[in-house]
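Summary of the model geometry
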Amino acid sequence: MAKTFLARINGPRHEIALQIFMVIVLAHWAEHLFQTFQIYVLGWAVPQARGVLGLLFPVLVSSEILHYGYALVMLAGLWMLRPGFTARLDRRWWTVALGIQFFHHVEHFLLQGQYLLGQNLFDRPVPTSLAQLWVPRVELHLFYNTIVFIPMMVAMYFHMFPPAEAGRPACTCAWHQRRLPHAVSA
Amino acid sequence: MNIIRIAMSLFVVVLIAVSVAGWIWTGANQPPSQSVAARTVLGVGIVAGIAGLAALWRPRAG
């Protein structure tokens, strides 16, 4: 019987799915780290600090749809890959990341809604999320990305190196299984 | 195991360092109301980073 897509990416394909997801997440991080370097170290003005791709393609930074798209990809990835985290510790940390990303996504949804409707919240000159009422956008994004990424990373560590009491996972992510090739199929 | 854990920890240290840089920068370049708010969230980010490092390096049974 053919397995569904979700069953595959949470079973034999969990490892490659997580690797692809991490490439996307780290590429996004690279852009944010370049942007903060431009502001905090090089002293560039915030509107000019657009990371690397943003310097070549300014629309990448100014377009709300791209930011919303990434937030949606993050939320979908965290949700879809969660069943593959079968032990207690890795599931718990991954769920924390999913919960925080859900709120982060709501913030981007508000921004996207304002952009599409042409009406900004609280009569602000630019689309504004709730937390952005108090916190500048660059620092807010740095904060959200940090508090989503850290529990996600800890979850992956526990997933790759599960405690002894954890049951046998359906995926190939655990490193000790790679040294015992028969363990997966046994 | 330790190589992965060290690589992850180094990335978290970079994130903490960026938050510290932001903490310093915002105090000198933003009005007080925004600076306090920015420092609050950056501080939470730093605490999250330290908590992540603690989770990675905490001894585990087994």
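Residues numbered from 1 in each chain as written. Chains lettered and ligands numbered in written order. Predicted model: local features only at pLDDT ≥ 70, side-chain atom pairs only at ≥ 80, totals over all residues. Heavy atoms only, no water.

Take the overall build of chain A next. A count of helical and extended segments in chain A gives 9 helices and 0 strands. In sequence order, the secondary structure elements of chain A are arranged as α-α-α-α-α-α-α-α-α. Along the longest, intermediate and shortest principal axes, the C-alpha atoms of chain A span 60 × 35 × 30 Å. Within chain A, the proportion of its 186 residues that are buried is 47%. Taking as baseline every contact in chain A between residues at least 6 positions apart, the subset at least 24 positions apart corresponds to 60%. Surface summary for chain A: the accessible area is close to 9800 Å², and the carbon and sulfur share equals 71%. Computed over 13 positive and 8 negative side-chain charges, the inter-centroid distance for chain A is 13 Å. (Helix = DSSP H or I, 4+ residues; strand = E, 2+ residues; numbered from the N terminus. Buried < 20%, exposed > 50% of the residue type's maximum accessible area, 1.4 Å probe, protein only. Contact = heavy atoms within 4.5 Å. Areas by Shrake-Rupley, 256 points an atom, 1.4 Å probe, with all protein chains shown as cover. Lys, Arg positive; Asp, Glu negative; His and termini not counted. Charge placed at Lys NZ, Arg CZ, Asp CG, Glu CD.)

Tallied over the entire structure, the rule returns 12 aromatic pairs over all chains. Note on A:Trp29 and A:Phe149: the rings are 6.1 Å apart at their centroids and 85° apart in plane angle, and the pair reads as edge-to-face. In this pair, A:Trp29 is assigned in helix α2 (residues 14-41) and A:Phe149 in helix α7 (residues 137-160), connecting sequence segments 120 residues apart. Ring centres of A:Phe149 and B:Phe11 lie 5.2 Å apart, and the angle between their planes is 55°; this geometry places the pair in the tilted category. One end of the pair, A:Phe149, is in helix α7; the other, B:Phe11, is in helix α1 (residues 2-29), on a second chain. Taken together, the aromatic side chains of A:Tyr157, A:Phe158, A:Phe161 and A:Trp175 make up a single cluster linked through ring pairs. When the ring centre of B:Trp57 is taken as origin, the NZ or CZ atom of B:Arg5, which lies over that ring, is 4.1 Å away. (Phe/Tyr/Trp six-rings, centres within 6.5 Å; stacked < 30°, edge-to-face > 60°. Lys NZ or Arg CZ within 6 Å of the ring centre and 35° of its normal.)

Here the focus is the nonpolar core. Soluble globular proteins tend to bury their nonpolar side chains together. Formed by 58 residues in total, the largest nonpolar core has its most connected members in A:Phe21, A:Val25, A:Met74, A:Leu78, A:Trp94, A:Met152 and A:Met156. Among the secondary structure elements, those contributing two or more residues to this core are α2, α5 (64-80), α6 (88-117) and α7 of chain A together with α1 and α2 (32-57) of chain B. At 17 residues, the largest contribution of residues to this core is made by α7(A). Among all residues touching A:Trp94, those that are not within four sequence positions of it are A:Leu18, A:Phe21, A:Gly77, A:Leu78, A:Leu81, A:Arg82, A:Phe85, A:Pro151, A:Met152, A:Ala155 and A:Met156. (Core = buried A, V, L, I, M, F, W, Y, C linked by side-chain atoms within 4.5 Å.)

With that out of the way, let us pick up the interface of chain B and chain A. Contact with chain B, which involves 29 residues of that partner, is made by 31 residues of chain A. Summed over both sides, the interface between chain B and chain A buries roughly 2600 Å², with carbon and sulfur atoms accounting for 81% of that surface. Contact with chain A buries surface across chain B, with B:Leu15, B:Trp25 and B:Arg60 losing the most and accounting together for 23% of the total. Put simply, chain B and chain A have 0 salt bridges between them. One can count 2 residue pairs in polar contact (both at pLDDT 80 or more) joining chain B with chain A. (Buried area = accessible area lost by both parts, 1.4 Å probe. Salt bridge = Lys/Arg side-chain N within 4 Å of Asp/Glu carboxyl O. Polar contact = N/O pair within 3.5 Å; in protein donor to acceptor, adjacent residues only side chain to side chain.)

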